[in-house]
Amino acid sequence: PEPNRYYTIGCDTAGDGSDFFYAHVIDNTTCEHMARYRLSTDETLFARQIFCLGQYYNWALINVEANFSTYPIKELVRLGYPNLWIREKEDKYTGQIEESYGFKTTKLTRPILIGLVKDAIREHIDKIKDEILLQECLTFIRTDTGREEAMQGKHDDGVMSYGITLYSRDQQSFNHLNGDIIAERKFKWPQDLLDDYYKADEKTRERMISLYGEPN
């Protein structure tokens, strides 16, 4: 990461456990692919590692898919992550806009994600540095029913998380950061993390400071 750049992270969770937790990091201005996260893990570890990944990339905008479980989002909120993507929905009764964290993949939004990935592959494939994502694209097909999805026995976690990443860009800035803005996004330690810090040995404290900054 460069200190004066904005980054966006899109995440697809493992669902019922048959898939991977998958996330992409892109430079929001150039769409350059910066990093990939792909592991079979549990939701708590995933949320905490994505927290660290977002902090490392200048407190990047993070958008986590919320179809199967909202726990990773709740964990990011509990930890005080300062830059989460916001989903807007109009209340059919009041007409007011309701805001929630996390991306919902529906029959309306799913084709949009796939279209964004198609456009990126056609027009900017040189910016994609994830070999697994490109391999998934080769086995992502249109079935006899017309649905676009991974071939039987294959995965599409990378495709969907990349689509979420591209979709999320509009809520992140395309300008350059400066040091003052980065400083404003300083992590606020929740009380349970502070309690763990004061109980920890010196080596563990140093590790915690390297991840979250000085306790406040």
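Preceding this section is the structure that the text describes.
Basis of the calculations
- Residues numbered from 1 in each chain as written.
- Predicted model: local features only at pLDDT ≥ 70, side-chain atom pairs only at ≥ 80, totals over all residues.
- Heavy atoms only, no water.
- Buried < 20%, exposed > 50% of the residue type's maximum accessible area, 1.4 Å probe, protein only.
- Helix = DSSP H or I, 4+ residues; strand = E, 2+ residues; numbered from the N terminus.
- Pairing = 2+ DSSP bridges.
- Axes fitted to C-alpha atoms, helices over the stretch in contact; angles between N-to-C directions.
- 1 Å grid on protein atoms, 1.4 Å probe; cavity = no way out; pocket = protein on both sides within 12 Å on 5 of 7 lines; lining within 4 Å.
- Points joined across faces, edges and corners; volume = space filled by probe spheres on them.
- Nonpolar A, V, L, I, M, F, W, Y, C, P; charged D, E, K, R; others polar.
- Expected span 1.5 Å × (residues − 1).
- Arc of directions from axis to C-beta.
- Contact = heavy atoms within 4.5 Å.
- Lys, Arg positive; Asp, Glu negative; His and termini not counted.
- Salt bridge = Lys/Arg side-chain N within 4 Å of Asp/Glu carboxyl O.
- Polar contact = N/O pair within 3.5 Å; in protein donor to acceptor, adjacent residues only side chain to side chain.

Student: Even after reading the chapter, I still don't get the pairing of strand β1 (residues 7-12), so can you show me in this structure?
Tutor: Within a regular strand, the side chains alternate between the two sheet faces. Of all six residues that make up β1, six are buried, and the element is covered over most of its length. Neither face of β1 is open: one carries Tyr 7, Ile 9 and Cys 11, the other Thr 8, Gly 10 and Asp 12, and all of them are buried. Inspection of the sheet shows β1 paired to strand β2 (residues 21-27) by six bridges, in the antiparallel sense. Note on β2: the bridge partner recorded for Gly 10 is His 24.

Student: I would appreciate a short explanation of unusual backbone geometry in the present structure.
Tutor: Glycine aside, residues mostly have negative phi, and peptide bonds are mostly found in the trans state. In the Ramachandran plot, Cys 31 falls in the positive-phi region, its phi being about 70° despite a non-glycine side chain. Mapped onto the secondary structure, Cys 31 falls in the loop between β2 and β3 (33-39). Phi angles above zero are rare outside glycine, and Trp 59 is one such case at about 55°. With relative accessibility at 5%, the residue Trp 59 sits in the buried group.

Student: Explain the sheet that holds β3 here, please?
Tutor: One key point about sheets: their strands pair by backbone hydrogen bonds, in either a parallel or an antiparallel sense. An order of β3-β2-β1-β4 is seen for the four strands of this open sheet, with the pairing classed as mixed. Of all the strands in the sheet, just β3 and β4 (61-64) have a single pairing partner and so form its edges. Along the sheet, successive strands turn relative to each other by an average axial angle of 15°, direction set aside. Looking at chain direction, β2 and β3 are connected through six bridges and run antiparallel. The residue bridging Ala 23 from the neighbouring strand is Tyr 37, located in β3.

Student: Would you mind going over the layout of surface pockets with me for this structure?
Tutor: Picture a little ball the size of a water molecule; that probe, rolled over the atoms, points out where space is still empty. Estimated volume of the second largest pocket: approximately 210 Å³. A per-class count over the lining of the second largest pocket returns four nonpolar, three polar and four charged.

Student: Looking at this model, I keep getting lost on helix α3 (residues 110-124). Mind explaining?
Tutor: Helical geometry: 3.6 residues make up each α-helical turn, so side chains three or four residues apart lie on a common side. The end-to-end C-alpha separation of α3 is 21 Å, in line with the 21 Å expected for 15 residues at 1.5 Å each. Looking only at α3, the buried set comprises Arg 110, Leu 113, Ile 114, Val 117 and Ala 120. Along the axis of α3, the buried positions cluster into a sector of 120°, meaning they face one direction only. In this structure, α3 carries Arg 122 and Glu 123 as exposed residues pointing more than 90 degrees from its buried face. Lining the buried residues of α3 we find α4 (131-138), β7 (140-142), β8 (148-150) and α5 (157-168).

Student: Which parts of the structure should I look at to understand the side chain of Glu 65?
Tutor: Turning to its location among the elements, Glu 65 is positioned in the loop between β4 and α2 (71-78). No salt bridge is formed by the buried Glu 65, whose closest oppositely charged neighbour, Lys 104, lies at an N-O distance of 8.2 Å. Reaching out from Glu 65, the side chain makes a polar contact with the side chain of Thr 13 at a distance of 3.3 Å. Residues contacting Glu 65, with those up to four places away along its chain left out, are Cys 11, Asp 12, Thr 13, Phe 103, Thr 105 and Ile 164.

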